[in-house]
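Residue-level listing of the chains:
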Amino acid sequence: MPAGAASPIIRCVQKLVLYETRARYFLVGSNHAETKYRVLKIDRTEPTDLVIIDDKHVYTQQEVRELLGRLDLGNRTKIGQKGSSGLSRAVSAFGVVGFVRFLEGYYIVLITKRRKMADIGGHAIYKIEDTNMIYIPNDSVRVTHPDEARYLRIFQNVDLSSNFYFSYSYDLSHSLQYNLTILRMPLEILKTETTPTRQESFDIFEDEGLTTQGGSGVFGICSEPYKKYVWNGQLLDIVKNTVHHDWLLYVIHGFCGQSKLLIYGRPVYVTLIARRSSKFAGTRFLKRGANSEGDVANEVETEQILCDASVMSFSAGSYSSYVQVRGSVPLYWSQDISTMMPKPPITLDQADPFAHIAALHFDQMLQRFGSPIIILNLVKEREKRKHERILSEELVGAVTYLNQFLPPEHAIVYIPWDMAKYTKSKLCNVLDRLNVIAESVVKKTGFFVNRPDSYCSILRPDEKWNELGGFVVPTGRLQTGVLRTNCVDCLDRTNTAQFMVGKCALAYQLYSLGLIDKPNLQFDTDAVRLFEELYEDHGDTLSLQYGGSQLVHRVKTYRKIAPWTQHSKDIMQTLSRYYSNAFSDADRQDSINVFLGVFQPAEGKPHLWELPTDFYLHHKNTMSLSQTRRRDFMPKNVGIDPSPFTVRKPDETGKSVVGNKSNREETVLQRKTAASAPPPPSEEAVSSSSEDDSGTDKEDEGAVSQRSTPVKIADTGDNIKITENIVQSMKDIYGINLSDVPSEDDLTIYTRFVQLGQNQHKQDKSSQQLCSKHHLDGVINIIHISSFSQDNIYEVQPPKVDKKSIDIFHAHIQAGRGIMQPLVKEDILMYREYIRNRYM
């Protein structure tokens, strides 16, 4: 690899040995060639805190041997005794997953077995095969806790040997486009500024047989990982600022597979990487929709990487990638599985008229991928009884509302397609229709390739090539924007749609590298067969992680070429998924919450299994139920349901939940079967006929509202008693009495405000129109602020804005129109200072 080539930093620490004394653990890490070593000292005499010392020194092999010899000699029982060793070897490992604490002391989690899964530009990607969890404090200082073992079992229920991946030299949390373009940009500045620390920081290939031309070494920049796709970030946070970054090994969860193609004798590697989001992560029915920060359930970023294996080098080889995303519908919705129905009714838990949650979600996507964001919505559009269509209608409203605030050329593109209806039709070919959608999507977003267009596009031109979107740069092409596919579960239909889009992108990728003469691929070819197998494995893995079973409907199912034996397999997968959702998902959700640090045990805090729901752990801007048990703040005259708005029967008011065994058991039962959101109102059961896709779009007559709870009141006497009970419970909880009449002064002020508001209505309307006009022109001009006249008791003055702020605002407006201000000397100096502090 030539000097100056941009490549991610290779971690020095790739082989580890943990040594043990009574007072300390010594973690010795070396590079692959075992020529450079680092040492961590971990204190074992502290029962609850983690004390780690890193001298940041790079040892040679001889220095490490001498250090270990001195430690062995100094920790023997008697000086000069040869029978017993003072330093014992505990375990060998390949990386540190992190450190975790429950109610006693800290544990260290080490990777003890690994398996190479893929190779990208000479950078190996490994799968964790086995781990070892070691308790750090010595037995002599251990303070036991009765619930420690239970938390340990919950944590270890996350199987780290199942689809967790890492790399010492390649950033798996970012895309190939990011790693090969964004990281290269500050490199030119780094070359011009020589610093004495650069040799120590970057030239780590010394003594490993690699030449460093002129001492310049192989440059690279160690970037921060993208936290959303890192699963051990919380486990490493406690040591992140203490130890050298060589010790920090970030792990992703999802899928990684690689296949080798031979195209006319040229070897080509096709790699598929899926990154599961660690935000709002969980199982199928317990995590639906989005949380309060815009993170959606089952969000997975899938990247297909193509490389010409004849030259395995990022600087000289040919690489291409395409990224697409799947994720739950970004709304507040859930499904109540307490009824044990195969298809529970879909409920919108919270109104969001201004699409706040969807806005946060799409803002994240625009920051990461740019525009256009293309939504392929595969949920059912025509149903006898509203089920999936509830989500479609709400999503259409959210996208329509948000597009008002985006320029037309950057608007969110919404593509609805009822895939289930087309599948049942004998006249329509599902994959042909998906292929048309895939062509239009890839043309809009383009794809990444790190080489300029090959002569193939000139010698054998294709009209589709000239219509390709994205961004063309001198070094190749960039993907701009992304496709976001979803159905209800984002499993079966979504995987098939993503495969078709990936197949279309694969044809363009092979064509751009000069490997085929037309950007088209037929199904019955070796390339597509291998690619389909990769996507089937990818879909099965993600489906097991989220739904508890493998895919039910595969690509062959939609091609209608699946063998008759496949139907029995589909039935078994459906039953497996149903069993997992009903009986094991609650425990799996607890394990994910503990592993990701969503719930952190603490003394005096309710235990995880005592919480009625984890809704308040994943929605940060709501009242935290994690701080108190539900029964601690409930009035004594309330039953199981704590809501002050619940209509209760008269005989329920005297019930107490404290010390009631049957109520406690019912609470535990509710928790094991309820969804992650608070229980929705009771509604009519949605029959299994909701899956029937007939051509009619007729609403059911007399359908019960999704938000209403029917209340049956016996007679007037009961009505009076119920009203009294409601008022009493409201007073107990809120300290107010609803039966009190407002005072005369309050009524006078209210009447005056209403009259003033009516008089000003006409003036307000014209003011709003003027505001809208000025806002569209890019200049915010507050015409009218208060809806009351100046003789009102509240006098409102327009805000004062200084000239500097106005100039900055106008500069931002001009930048939005593509007119950039020239850089001055202060800007350049500031940028140099930023680069020096960030990367040097």
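Presented here is a report on the structure given in the accompanying data block. Computed from a predicted model, the values in this text were never measured in an experiment. (Residues numbered from 1 in each chain as written. Predicted model: local features only at pLDDT ≥ 70, side-chain atom pairs only at ≥ 80, totals over all residues. Heavy atoms only, no water.)

### Some thoughts on the overall build of the protein chain
The number of helices and strands found in the protein chain is 23 helices and 21 strands. Looking at the protein chain as a whole, 48% of its 840 residues are labelled buried. Sequence-distant contacts in the protein chain: of pairs separated by 6 or more residues, those separated by 24 or more amount to 69%. A total accessible area of about 41,900 Å² is found for the protein chain, and carbon and sulfur atoms account for 54% of it. (Helix = DSSP H or I, 4+ residues; strand = E, 2+ residues; numbered from the N terminus. Buried < 20%, exposed > 50% of the residue type's maximum accessible area, 1.4 Å probe, protein only. Contact = heavy atoms within 4.5 Å. Areas by Shrake-Rupley, 256 points an atom, 1.4 Å probe, with all protein chains shown as cover.)

### Brief notes about the packing of aromatic side chains
Following the criterion strictly, the structure yields 25 aromatic pairs and no others. An aromatic cluster is present here, built from F102, Y107, Y135, Y151, F155, F164, W231, F595, F599 and W609 joined pairwise through their rings. Taking the ring centre of Y25 as reference, the NZ or CZ of R44 above it sits at 4.4 Å. A cation sits over an aromatic face here: R142 above Y135, 3.9 Å from the ring centre. (Phe/Tyr/Trp six-rings, centres within 6.5 Å; stacked < 30°, edge-to-face > 60°. Lys NZ or Arg CZ within 6 Å of the ring centre and 35° of its normal.)

### Examining the packing of helix 13 (residues 492–512) against helix 14 (residues 526–547)
Two elements in contact, helix 13 and helix 14, have axes whose closest approach is 10 Å; the angle formed by their N-to-C orientations is 145°. The crossing of helix 13 and helix 14 is right-handed. On the side of helix 13, the interface is formed by N495, Q498, F499, G502, K503 and L506, while helix 14 contributes V528, F531, E532, Y535, H538 and G539. Each residue belonging to the contact of helix 13 with helix 14 can be placed in one class, and the counts come to 5 nonpolar, 5 polar and 2 charged. (Axes fitted to C-alpha atoms, helices over the stretch in contact; angles between N-to-C directions. Left-handed = near helix turned anticlockwise from the far one by under 90°. Nonpolar A, V, L, I, M, F, W, Y, C, P; charged D, E, K, R; others polar.)

### Remarks on the pairing of strand 16 (residues 373–377)
Burial analysis of strand 16 places 5 of its 5 residues in the buried class, the great majority of the element. The two faces of strand 16 match: I373, I375 and N377 on one face and I374 and L376 on the other face are all buried. Where strand 16 lies against strand 21 (residues 482–486), 5 bridges are found, and the strand directions are parallel. Within strand 21, the residue paired with I375 across the bridge is R484. Viewed along the sheet, the connection from strand 16 through helix 8 (residues 389–403) into strand 17 (residues 413–416) turns out right-handed. (Pairing = 2+ DSSP bridges. Right-handed = clockwise from strand over helix to strand, strands pointing away.)

### Structural notes on the side chain of N450
By the secondary structure assignment, N450 is in the loop between strand 18 (448–449) and helix 11 (456–459). With relative accessibility at 13%, the residue N450 sits in the buried group. Within the local environment of N450, its side chain forms a polar contact with the backbone oxygen of G317, the two atoms lying 3.2 Å apart. Here the side chain of N450 touches Y319 through a polar contact of 2.7 Å, landing on its backbone nitrogen. Residues within four places of N450 in sequence aside, it is in contact with L180, F314, G317, S318, Y319, T475 and G476. (Polar contact = N/O pair within 3.5 Å; in protein donor to acceptor, adjacent residues only side chain to side chain.)

### Quick look at the pairing of strand 3 (residues 37–43)
Successive residues of a regular strand alternate their side chains across the two faces of the sheet. Where burial is concerned, most of strand 3 is hidden: 6 out of the 7 residues are buried. Here strand 2 (residues 24–30) runs beside strand 3; their pairing, made up of 7 bridges, is antiparallel. Of the residues in strand 3, the one forming a bridge with V28 is V39. The pairing of strand 3 with strand 4 (residues 52–54) spans 3 bridges and is antiparallel. For I42, the partnering residue across the bridge sits in strand 4 and is I52.

### Quick notes on the pattern of salt bridges
Overall, the coordinates contain 22 salt bridges when judged by the stated rule. Between R266 and D308 there is a salt bridge, with its nearest N and O atoms 2.4 Å apart. Pair noted here: R266 is in strand 11 (residues 266–276) and D308 is in strand 12 (residues 300–308), with a separation of 42 residues, a long-range link. With a relative accessible area of 33%, R266 lands in the partly exposed category. Among the ionic pairs, E301 bridges to R275, the shortest N-O distance being 2.8 Å. With a gap of 26 residues between them, E301 in strand 12 and R275 in strand 11 connect regions that are remote in the sequence. (Salt bridge = Lys/Arg side-chain N within 4 Å of Asp/Glu carboxyl O.)

### Here's the deal with helix 6 (residues 233–240)
For helix 6, the set of buried residues is G233, L235, L236 and V239. Buried residues of helix 6, seen end-on, are gathered within an arc of 150° and therefore sit on one face of the element. (Arc of directions from axis to C-beta.)

### Some points on the environment of V17
Within the element layout of this structure, V17 appears in strand 1 (residues 15–20). Taking the C-alpha atoms as reference points, V17 and V91, separated by 74 residues in sequence, lie 6.0 Å from one another. Dropping the residues within four chain positions of it, V17 is found in contact with F26, L27, V28, R89, V91 and S92.

### A word on the packing of helix 10 (residues 430–445) against helix 13
For the pair helix 10 and helix 13, interaxial distance at closest approach is 9 Å and the crossing angle is 55°. Considered as vectors, helix 10 and helix 13 are oriented oblique to each other. The handedness of the crossing between helix 10 and helix 13 is right-handed. On helix 13, the residues touching L431, L434, N435, A438, E439, V441, V442 and K443 of helix 10 are T496, A497, M500, V501, K503, C504, A505 and Y508. Residue composition of the contact of helix 10 with helix 13, grouped by class: 11 nonpolar, 2 polar and 3 charged. (Parallel < 35°, antiparallel > 145°, perpendicular 65-115°, else oblique.)

### Some thoughts on the sheet that holds strand 1
The sheet built from 5 strands is open, its strands ordered 4-3-2-1-5 with antiparallel pairing. Every interior strand has two partners, whereas the edge strands, strand 4 and strand 5 (88–93), have only one. On average, each strand axis in the sheet is inclined to that of its neighbour by 20°, with strand direction left out of account. One ladder, built from 5 bridges, connects strand 1 with strand 5; its direction is antiparallel. Counterpart to E20 in the pairing with strand 5 is S88.

### Points about the environment of L515
Within the fold, L515 resides in the loop between helix 13 and helix 14. The class of L515 is buried, set by a relative accessible area of 6%. Along the backbone, L515 and V268 are 247 residues apart, and their C-alpha atoms lie at a distance of 9.3 Å. Setting aside residues up to four positions removed in sequence, L515 forms contacts with I263, Y264, R266, V268 and L510.

### Comments concerning the nonpolar core
Grouped together as the largest cluster of nonpolar side chains are 52 residues, with contacts concentrated most on L434, V441, V442, F499 and L510. Within the residue set of this core, elements represented by two or more residues are strand 10 (252–263), strand 11, strand 12, strand 16, helix 10, helix 13 and helix 14. At 11 residues, the largest contribution of residues to this core is made by helix 13. In this structure, L510 is in contact with I263, L306, L515, I516 and L521, ignoring residues within four places of it in sequence. (Core = buried A, V, L, I, M, F, W, Y, C linked by side-chain atoms within 4.5 Å.)

### Brief notes about helix 13
End to end, helix 13 covers 30 Å across 21 residues, agreeing with the expected 30 Å (1.5 Å per residue, within 8%). Within helix 13, 21 of the 21 residues are buried, which leaves it mostly tucked inside the rest of the structure. Positive backbone phi, approximately 75°, marks G514, located one or two places after helix 13. (Expected span 1.5 Å × (residues − 1).)

### Some remarks on unusual backbone geometry
Omega for the bond connecting S371 with P372 falls within 30 degrees of zero, at 5°, which places this linkage in the cis form. Tracing the backbone shows P372 in the loop between helix 7 (356–369) and strand 16. Phi is positive for E34, which is not a glycine, with a value near 55°. With respect to the secondary-structure elements, E34 resides in the loop between strand 2 and strand 3.

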